[in-house]
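# Analysis of the macromolecular model
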Amino acid sequence: MDLKSGYPYWAVSNGLPHAFPPLSRDLQCEVAVLGGGITGALIADELAVHGHDVVVLDARDIGWGSTAASTALLQYENDVHLVDMARRHGEDAAAAAYRASLEAVKQVAARATSLGDVDLRRMDSLYWASRRRDRGPLREEFEMRLRHGLPVQWLDADEVEARFGFRAPAAIVSADAAAIDPYRMAWRLLMQLERRGVPVHDRSAVERMVVGARHIDLHTDQGARVRARRVVIAAGYASQQFLRRRVARNRSSYAFVTDPLPLDQLGALAGTMLWETARPYLYMRTTGDGRLMVGGADDAVDIPARRDARVSAKCAQLQKRVGNLFPALPVAPVFCWGGTFAETADGLPWMGPSDELGPRVLFAMAYGGNGITFSMLGAGVLRARIERRRHPLASLLGFERER
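Now for a description of the structure that goes with this document. (Residues numbered from 1 in each chain as written. Predicted model: local features only at pLDDT ≥ 70, side-chain atom pairs only at ≥ 80, totals over all residues. Heavy atoms only, no water.)

### Regarding the packing of aromatic side chains
Which entries qualify depends on this criterion: Any pair of Phe, Tyr and Trp rings, taking the six-membered ring for Trp, is counted once the centres come within 6.5 Å. Such a pair is stacked with planes under 30 degrees apart, edge-to-face with planes over 60 apart, and tilted for the rest. Here a strand is any run of E in DSSP of at least two residues, a helix any run of H or I of at least four, and the numbering for each starts at the N terminus. Only protein chains enter the accessibility calculation, which uses a 1.4 Å probe. A residue is then buried if its area is under 20% of the maximum for its type, exposed if over 50%, and partly exposed in between. Whether a charge sits over a ring comes down to the Lys NZ or Arg CZ being within 6 Å of the ring centre and within 35 degrees of the ring normal.
Enumeration according to the criterion identifies 15 aromatic pairs in this entry. Aromatic pair Phe 166 and Phe 326: ring centres 5.5 Å apart, planes at 75°, arrangement edge-to-face. Linking Phe 166 in the loop between α7 (157–164) and β7 (170–179) with Phe 326 in the loop between α10 (304–325) and β16 (333–343), this pair joins segments that are 160 residues apart in sequence. In terms of burial, Phe 166 and Phe 326 fall into one category: buried. Ring-pair connections join several aromatic residues into one group, and the members of that group are Phe 20, Trp 64, Tyr 183 and Trp 187. Here the guanidinium or amino end of Arg 139 rests over the ring plane of Trp 154, the centre of that ring lying 4.8 Å away. The positively charged end of Arg 245 is found above the aromatic ring belonging to Trp 350, 6.0 Å away from the centroid.

### Remarks on unusual backbone geometry
Note the cis peptide between Arg 279 and Pro 280, where omega equals 0°. Backbone geometry places Asp 119, a non-glycine residue, at a positive phi of 55°. Along the polypeptide, Asp 119 turns up in the loop between α5 (91–115) and β5 (121–128). Residue Asp 119 is classed as partly exposed on the basis of its relative accessible area, which comes to 22%. Positive phi, close to 70°, is recorded for Asp 176, a residue that is not glycine. Locating Asp 176 in the fold gives a position in strand β7.

### Considerations on the pattern of salt bridges
Any two side chains of opposite charge can pair, so long as their charged atoms come close to each other. Stated precisely, the cut-off is as follows: For this analysis, a salt bridge means a side-chain nitrogen from Lys or Arg found within 4 Å of a carboxyl oxygen belonging to Asp or Glu.
The full count for this structure, using the stated rule, is 28 salt bridges. Across the salt bridge formed by Arg 111 and Asp 45, the nearest N and O atoms sit 2.9 Å from each other. Separated by 66 residues along the polypeptide, Arg 111 in helix α5 and Asp 45 in helix α2 (residues 38–49) bring together distant segments of the chain. Of the two residues, Arg 111 and Asp 45, neither departs from the other in class, the shared state being buried. With its nearest N and O atoms 3.5 Å apart, the salt bridge here joins Glu 140 to Arg 87. Highlighted residues: Glu 140 in helix α6 (residues 135–147) and Arg 87 in helix α4 (residues 82–89), separated in sequence by 53 residues. Overlapping salt bridges, with partners in common, bring together Glu 46, Arg 383, Glu 387 and Arg 389 in one network.

### A short note on the layout of surface pockets
Selection rule: A cavity, in this analysis, means grid points on a 1 Å lattice covering only the protein atoms where a 1.4 Å probe fits yet has no way out; a pocket is instead an open set bounded by protein on both sides within 12 Å along at least five of seven lines, and a residue lines either one if it has an atom within 4 Å of a point. Grid points are joined across faces, edges and corners, and a volume is the space filled by probe spheres set on the points. Residue polarity follows a fixed list, in which Ala, Val, Leu, Ile, Met, Phe, Trp, Tyr, Cys and Pro are nonpolar, Asp, Glu, Lys and Arg are charged, and the others, Gly among them, are polar.
Looking at the second largest pocket, its volume works out to about 180 Å³. The wall of the second largest pocket is formed by Glu 46, Ala 100, Glu 103, Ala 104, Gln 107, Met 376, Leu 377, Gly 380, His 391 and Leu 393. When contributions to the lining of the second largest pocket are tallied by element, the ones reaching two or more residues are α5 and α11 (371–386). Ranked by residues supplied to the lining of the second largest pocket, first place goes to α5 with 4 residues. Looking at the lining of the second largest pocket residue by residue, the classes come out as 5 nonpolar, 3 polar and 2 charged.

### Examining the packing of α4 against α5
Quick note on the threshold: Only the stretch in contact is used when fitting a helix axis, every axis being a line fitted to C-alpha atoms; angles between N-to-C directions are given from 0 to 180 degrees. Here the word oblique covers every angle except those under 35 degrees (roughly parallel), over 145 (roughly antiparallel) and from 65 to 115 (roughly perpendicular). Should the near helix be turned anticlockwise from the far one by less than a right angle, the crossing is termed left-handed; should it be turned clockwise, right-handed. By the convention used here, residues are in contact when the closest approach between their heavy atoms is within 4.5 Å.
Two elements in contact, α4 and α5, have axes separated by 7 Å at closest approach and are oriented at 135°. Put simply, α4 runs oblique to α5. Judged by the twist between their axes, the crossing of α4 over α5 is right-handed. Contacts between α4 and α5 involve Leu 82, Met 85, Ala 86 and His 89 from the first element and Glu 91, Ala 93, Ala 94, Ala 95, Ala 97 and Tyr 98 from the second. Its residues placed into classes, the contact of α4 with α5 shows 8 nonpolar, 1 polar and 1 charged.

### Things to note about the environment of Met 284
Position of Met 284 relative to the elements: it lies in strand β14 (residues 283–286). The exposure class of Met 284 is buried, given its relative accessible area of 0%. Considering only alpha carbons, one finds Met 284 and Phe 256, 28 residues apart in sequence, at a separation of 9.6 Å. When near neighbours in sequence (up to four residues on either side) are disregarded, Met 284 contacts Leu 269, Met 273, Leu 274, Leu 292, Met 293, Val 294, Val 322, Leu 325 and Phe 326.

### Thoughts on the packing of α2 against helix α8 (residues 182–195)
Where α2 contacts α8, the axes come no closer than 9 Å and their chain directions differ by 35°. Every pair of crossing elements has a handedness; the one defined by α2 and α8 is left-handed. Taken together, the residues of α8 that come into contact with α2 (itself represented by Ile 38, Ala 41, Leu 42, Ala 44, Asp 45 and Ala 48) are Pro 182, Met 185, Ala 186, Leu 189, Leu 190 and Leu 193.

### Quick notes on the nonpolar core
How we decide: To qualify as a nonpolar core, a set must consist of buried Ala, Val, Leu, Ile, Met, Phe, Trp, Tyr and Cys residues joined through side-chain atoms within 4.5 Å.
With 89 residues, the main nonpolar core has Val 33, Ile 180, Met 185, Leu 190, Val 232, Ile 372 and Leu 397 as its most contacted residues. For this core, the leading source of residues is α5, giving 10 residues. Contacts of Ile 372, omitting those with residues within four sequence positions, involve Ile 38, Leu 42, Ser 70, Ala 72, Leu 74, Val 108, Ile 180 and Pro 182. In this structure, Leu 155, Ala 270, Val 322 and Val 331 belong to the second largest nonpolar core, which totals 30 residues.

### Here's the deal with the side chain of Asp 298
Selection rule: His is not counted here, nor are the chain ends, while Lys and Arg score as positive and Asp and Glu score as negative. In protein, a polar contact requires one atom able to donate a hydrogen and another able to accept it; more generally it is a pair of N or O atoms within 3.5 Å, and residues adjacent in sequence count only if both atoms are side-chain atoms.
Considering the arrangement of structural elements, one finds Asp 298 in strand β15 (residues 292–299). The charged side chain of Asp 298 is buried without a salt bridge, its nearest counter-charge being Arg 251 at 5.2 Å. A polar side-chain atom of Asp 298 sits 2.7 Å from a polar atom in the side chain of Ser 253. With residues up to four places along the chain from it excluded, the contact list for Asp 298 reads Arg 251, Ser 252, Ser 253, Tyr 254, Pro 280, Lys 314 and Phe 341.

### A word on the side chain of Ser 125
Take Ser 125: it is sitting in strand β5. At 2.8 Å, the side chain of Ser 125 forms a polar contact with the side chain of Glu 77. The contacts of Ser 125, once residues within four sequence positions are left out, are Gln 75, Glu 77, Ile 172, Val 173, Ser 174, Ala 177, Thr 272, Met 273 and Trp 275.

Here you go:
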């Protein structure tokens, strides 16, 4: 799939940090991970660190799919409110998913710290009511999060304006958010794995997968074969091709980044990411060098050429919205891009085996606005499956939840 358009900032700023060779020989392993973006990298790292024999394959260059287009806001908060998730799955299960996501944010931040040089930024998250009628549901959301021990603070309209410089009916401030350079982190994770002896091969597309009773054979476009006991499909939004049943809805999102802005002009934005209750929502956060990254203007476009044609107009729309909120902030896009993402009906990822391909093929579909957080959470869920251990969220995040 063509997953992005325009000039994603991460790919432009980082380039190609390292050369991973295409696979040119047959291999055997315990787990083959298909996908070298941030999801595949986090999962391969989790498995390899815990002693599993792993091979990583990617059809493109490493990180060149949706990872390069990600704006990488790491939050426990979900695109689907805790209140709404509780109505669907029960309050205890929904709260467990939110708390696990909070822990996953901390795990990503800890791994980023150990890697170094991935633009890790520990931040707060401001979730504001876009309209007056959103205040009531937002307060209900706040009360449920507070009841389950999540780190939240309520702000009324005057407090939002005093702290952040714009007017909103109310807002929730959540602690323990973070931001990273997802492209650089994926590369650095996989480069470290390669140094430890893990085979990592990009430009090695799997053309055929033969699922047997005891192993799976992956045949690449280079004529090589990988025989694995299990396969983890972490191919982002291209993973749907391995399933007959559609499990998510593809959409397009748009973003831009500015030149570095003076700290005194950014104010509270320097340490807080912002997003809103409206759908689609506007969101923004800063980078380590003081750039403002802005995203949103999502639409239902799933055709790359149509998405490409909309990038300029969408970025102008986002620029105007930021200007309305912060008239004194000099916001001028330097790089603009669009990317494909997917939404599940309940806002949760798909992590585990499907009935279609059997127990040896595990999916890592970290869909929605919490993709990196879900990837870290899913890494633990999938490792438990591979090690035949129970995981408290396996059923909620797996295909079992729709049976």
